[in-house]
Amino acid sequence: MGPLLRAAVLAAALLALAAAGEAHTVSDFLNIFRPRNEHDYFHNANQGQEEDVMPRASDQQSLITAPVSRSGLMKVPARSAPTAVAQDTIVLPVDNAAGYPGAWSMITENAGVSAMHMVIMHNDKAIMFDTVTTGPSLLRLPKGNCRLDLRSREQGTEDCAAHAVEFDFATGGVRALKVGGSSGVPNKRKKKFFLSFFSVDLGPRTMSRAATTVLLQILTDVWCSSGALDAEGNLVQTGGYFEGEKVVRYLSPCGNCDWREFPASLAEGRWYGTQQILPDGRSIVLGGRRAFSYEFVPAEGQSNAAAKPMQLLRDTTDDVENNLYPFVHLLTDGTLFIFANDRSVVFDYRTGQVVRDLPALPGGGRNYPASGMSALLPLDLRRGDVLSPEVIVCGGTPKNAFKFGETNIFNAALRDCARINPLKPGARWATDQMPVARTMGDLLILPTGDLLMLNGAAKGCSGWGFGRQPVLSPLLYSPRQPRGSRFRALAATTIARMYHATSALLPDATVLVAGSNTNSAYNFTGVDFPTEVRVERFTPPYLSPERAANRPAIDMATVPAGGMAYGAKFSFQFSVPMLHLHVTDADLKVTMYAPPFTTHGYSMNQRLLVLAVSSFMPGPHRHGITVDAPAKPELAPPGYYLLYVMVKGVPSKAAWVKVHK
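Residues numbered from 1 in each chain as written. Predicted model: local features only at pLDDT ≥ 70, side-chain atom pairs only at ≥ 80, totals over all residues. Heavy atoms only, no water.

1. As for the packing of aromatic side chains
The final tally for this structure, using the stated rule, is 24 aromatic pairs. A ring pair is formed by Phe129 and Phe597, whose centres lie 6.1 Å apart and whose planes are at 45 degrees; its orientation type is tilted. With Phe129 in strand S3 (residues 125-129) and Phe597 in strand S38 (residues 597-599), the pair connects residues that are 468 residues apart, well separated along the chain. The exposure classification of Phe129 matches that of Phe597, with both residues buried. Taken together, the ring pairs in this structure connect Trp223, Tyr241, Phe242, Trp271, Tyr272, Tyr325, Tyr368, Trp464 and Tyr499 into an aromatic cluster. Its end group placed over the ring of Trp271, Arg289 keeps NZ or CZ at 4.8 Å from the ring centre. The ring of Phe410 carries the charged tip of Arg468 above its face, separated from the ring centre by 4.0 Å. (Phe/Tyr/Trp six-rings, centres within 6.5 Å; stacked < 30°, edge-to-face > 60°. Helix = DSSP H or I, 4+ residues; strand = E, 2+ residues; numbered from the N terminus. Buried < 20%, exposed > 50% of the residue type's maximum accessible area, 1.4 Å probe, protein only. Lys NZ or Arg CZ within 6 Å of the ring centre and 35° of its normal.)

What follows is the structure, encoded as structure tokens:
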């Protein structure tokens with residue numbers, strides 16, 4: 001449809017709505033292309049409170065004045081008794097006849113911050129962070145590392161709370177990170193960068209005062225940002241809120257590393273955008289609030305002059321958006337699958353052209369704030385999945401869920417789970433039904449090739465105070481099973497993981513689960529769902545006690561230090577505790593997993609490949625195995641992967657392997 005025809009159709013539709021006396025006026029409709037007031041997103045969280053750009057909960061003063069331990073951690077305040085809303089949860093019956101249902105354990109009662117964003121680094125640490133918007137956390141920054149609070153009503157106010165941690169999931173230890181750090185900008189250029197960086201209104205502050213304080217250490221808001229791990233294993237992190245919306249940040253995996261920030265790197269603000277790693281090692285970032293465009297993340301310290309328009313993002317914006325954090329998956333031919341709201345396309349970023357429009361997925365919205373789940377199903381290189389990659393999209397909400405939430409009506413989330421092969425001409429969605437509706441859930445690929453659905457709620461949608469009925473039961477989804485028999489309910493947690501919860505697959509094949517803060521600050525009393533700083537571990541069924549006792553172990557000394565080259569053979573050795581256990585080729589499976597950046601129910605860049613075994617050499621103490629590396633970066637972009645070997649369905653602890661040309 002050409003632009004003139006599209007405009008004519010839109011005008012006719014608006015006139016028809018006006019003539020029919022619809023509730024949404026013409027001006028309301030046009031408002032969908034204007035920024036919503038920030039208070040809209042605090043609506044349910046602030047009921048009964050004075051509106052403020054940074055609302056403060058009743059707990060906040062006690063957090064500011066509470067005693068601090070040597071590590072900077074504060075004591076977790078006592079939580080109020082569970083409300084009726086908090087006790088209205090969903091726990092599905094477990095079919096114990098199907099085997100071990102998994103188990104939950106606590107890693108720590110206090111990680112210091114609530115993990116709104118999370119990624120696993122190849123130094124075996126998790127990076128977890130929230131947003132400076134929520135005010136004080138339960139972890140203080142080291143002395144002399146406070147940041148200027150640009151949104152405080154009092155000039156010169158400092159924020160001395162940590163909003164990011166390096167979390168040791170083996171011990172539960174935390175190291176405070178500054179959400180920010182040196183900009184890397186030479187002193188003589190700092191004034192120029194500052195002026196272009198702060199395109200926001202600083203209100204009554206004078207530029208000279210703000211510049212004097214901030215330029216020593218630029219610290220920016222990562223609220224609802226995006227990220228990816230680059231070819232060297234560094235976290236490249238984009239966008240955020242307020243002064244952080246055009247920032248690109250870097251964090252390297254080392255014991256004393258901190259954030260490096262580069263203001264004004266992006267051409268357009270990216271708040272709720274999606275970042276995807278590409279075969280050449282670059283990242284592309286798409287969408288965000290009122291950002292109907294995409295751009296490539298520039299080299300460190302560089303900046304983009306302009307972004308490129310993407311019509312799909314404009315066309316799928318409705319009155320509550322429903323197309324934020326678009327689902328993006330790198331397909332095996334190098335194109336991108338992009339899903340926004342209820343529509344999707346195959347997009348060639350190299351030419352800037354839509355290759356194929358795919359059928360709409362009916363039923364409701366799938367992206368934020370509807371917040372469904374999506375993943376690229378495992379690519380089995382033994383079976384020819386290179387030619388038939390499948391994308392799965394599950395859950396979400398009716399498109400009007402956020403509107404209803406503003407009036408304290410929480411309608412049911414969606415139960416459907418749909419799959420499509422985007423590269424197939426005439427592709428259609430094939431739909432299944434989950435045992436329970438879910439919004440705000442996470443969808444993780446396990447080393448075995450099954451998927452794990454966890455966290456989230458059965459009613460409402462994303463947003464502070466917009467969700468109800470926590471779903472405490474994870475689901476195991478087996479994509480190779482026939483439709484109608486793919487889901488299995490697993491052991492339930494006791495902790496509601498709602499808005500701003502996260503999860504991640506760990507090298508030991510267990511799952512890290514953290515976060516959940518449906519409040520506009522760190523609130524532990526007087527709310528339905530207190531802020532969560534507890535971190536759990538979920539042990540999937542494949543590590544039942546009787547099976548885990550005989551799990552294979554990779555001999556790390558035999559893993560090639562030079563990594564895995566595309567198209568080459570890759571050999572290593574492994575053992576099993578019971579040496580008499582007979583192992584054959586049919587018992588073996590080797591997978592490699594790209595750790596994602598997870599936030600708001602979407603794991604960006606998540607990817608699992610099943611490698612072809614070219615030779616297997618059983619031995620009396622160790623077994624030798626050789627696999628075929630992926631042939632090209634379109635199958636596995638360069639970077640660090642978790643390599644698992646499975647024997648009779650039981651995964652080993654992973655070896656970190658760098659994939660490169």
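Having seen the structure, we can now continue with the description.
2. Examining the side chain of Asp442
If you trace the backbone, Asp442 turns up in strand S25 (residues 442-445). Buried Asp442, no salt bridge; nearest opposite-charge side chain is Arg497, N-O distance 8.9 Å. Side chain to side chain, Asp442 and Asn455 meet in a polar contact 3.1 Å long. Polar contacts involving the side chain of Asp442 include one to the side chain of Ser503, which spans 2.8 Å. (Lys, Arg positive; Asp, Glu negative; His and termini not counted. Salt bridge = Lys/Arg side-chain N within 4 Å of Asp/Glu carboxyl O. Polar contact = N/O pair within 3.5 Å; in protein donor to acceptor, adjacent residues only side chain to side chain.)

3. Description of the pairing of S3
Across the 5 residues of S3, 4 count as buried, placing the element largely inside the fold. The pairing of strand S2 (residues 117-121) with S3 spans 5 bridges and is antiparallel. The residue of S3 that forms the bridge with Val119 is Ile127. Adjacent in sequence and paired antiparallel, S2 and S3 are bridged by 3 residues, among which Asp124 carries a positive phi angle near 60 degrees. Note that S3 and strand S6 (residues 164-167) share 4 bridges and pair antiparallel. (Pairing = 2+ DSSP bridges.)

4. Concerning the state of the cysteines
Think of a disulfide as a covalent bridge from one cysteine sulfur atom to another cysteine sulfur atom. According to the stated counting rule, one finds 3 disulfides in the structure shown. Paired by a disulfide, Cys146 and Cys160 hold their sulfur atoms 2.0 Å apart. Because the torsion about its S-S bond is 105 degrees, the bridge between Cys146 and Cys160 counts as right-handed. Within this pair, whereas Cys146 is found in the loop between S3 and strand S4 (147-148), its partner Cys160 is found in the loop between strand S5 (158-159) and S6, the two being separated by 14 residues in sequence. In this model Cys394 forms its disulfide with Cys417; the gap between the sulfur atoms is 1.8 Å. Between Cys394 and Cys417, the S-S dihedral sits near 50 degrees, and the bridge is therefore right-handed. Of this pair, Cys394 sits in strand S22 (residues 391-394) while Cys417 sits in strand S23 (residues 416-420), and the two are 23 residues apart along the sequence. When sorted by exposure, Cys394 lands in the same class as Cys417, which is buried. For the protein, the disulfide bridges join cysteines in the arrangement 1-2, 3-4, 5-6, where the cysteines are counted in sequence order. (Disulfide = S-S within 2.5 Å.)

5. Considering the sheet that holds strand S9 (residues 235-238)
If you walk across this open sheet you meet the 4 strands as S8-S9-S10-S11, and the pairing is antiparallel. One side of each edge strand has no neighbouring strand; the edge strands of this open sheet are strand S8 (226-229) and strand S11 (260-262). Strand-to-strand, the axes of this sheet are offset by a mean angle of 20 degrees, without reference to chain direction. (Axes fitted to C-alpha atoms, helices over the stretch in contact; angles between N-to-C directions.)

6. Focus on the confidence of the model for the protein
In this model, the protein carries a mean pLDDT of 86, and residues with pLDDT of at least 70 account for 83%. Below a pLDDT of 50 lies the segment residues 1-30, which in the model reaches 12 contacts outside its immediate sequence neighbourhood of four places, other chains included. (pLDDT = per-residue confidence, 0-100. Contact = heavy atoms within 4.5 Å.)

7. Digging into the pattern of salt bridges
Where charged atoms from two side chains of opposite charge approach closely, those side chains can pair. Under the criterion given, the structure shown has 23 salt bridges. Where Glu321 meets Arg289, a salt bridge forms, and the shortest distance between an N and an O atom there is 2.9 Å. Note that Glu321 is positioned in the loop between helix H7 (311-315) and strand S16 (327-330) and Arg289 in the loop between strand S13 (283-286) and strand S14 (293-296), a separation of 32 residues in sequence. The class for Arg289 is buried, based on a relative accessible area of 11%. A salt bridge links Asp555 to Arg622, with the nearest nitrogen and oxygen atoms 2.9 Å apart. Taken together, the positions of Asp555 in the loop between strand S34 (553-554) and strand S35 (564-565) and Arg622 in the loop between strand S41 (613-617) and strand S42 (623-628) put the pair 67 residues apart, joining distant regions of the chain. In this structure Asp555 comes out as buried when scored by relative accessible area, which is 16%.

8. Thoughts on empty space enclosed by the protein
Scanning all chains against the criterion turns up 12 cavities of 30 Å³ or more. Its boundaries defined by the atoms lining it, the largest cavity holds a volume of some 210 Å³. Those elements giving two or more residues to the lining of the largest cavity turn out to be S2, S8, strand S12 (274-277) and strand S43 (639-647). In terms of residue class, the lining of the largest cavity is built from 15 nonpolar, 6 polar and 2 charged. The two domains that each donate at least three residues to the lining of the largest cavity are domain 1 (60-77 + 86-182 + 214-543) and domain 2 (545-659). (1 Å grid on protein atoms, 1.4 Å probe; cavity = no way out; pocket = protein on both sides within 12 Å on 5 of 7 lines; lining within 4 Å. Points joined across faces, edges and corners; volume = space filled by probe spheres on them. Nonpolar A, V, L, I, M, F, W, Y, C, P; charged D, E, K, R; others polar. Domains from an automatic or database assignment.)

9. What to know about the environment of Ile495
Along the chain, Ile495 turns up in the loop between strand S30 (487-489) and strand S31 (501-505). Remark: the alpha-carbon pair of Ile495 and Glu536, spanning 41 residues in sequence, is separated by 9.1 Å. Those residues within four positions of Ile495 in sequence are excluded, and the remaining contacts are Met106, Leu472, Glu532, Arg534 and Glu536.

10. Side note on unusual backbone geometry
Cis geometry is adopted by the peptide bond preceding Pro369, which originates at Tyr368 and carries an omega value of 5 degrees. Checked against the element boundaries, Pro369 lands in the loop between strand S19 (353-358) and strand S20 (373-376). At Ala264, a residue that is not glycine, the phi angle is positive and equals roughly 55 degrees. Position of Ala264 relative to the elements: it lies in the loop between S11 and S12. Judged by relative accessible area, which is 19%, Ala264 ranks as buried.

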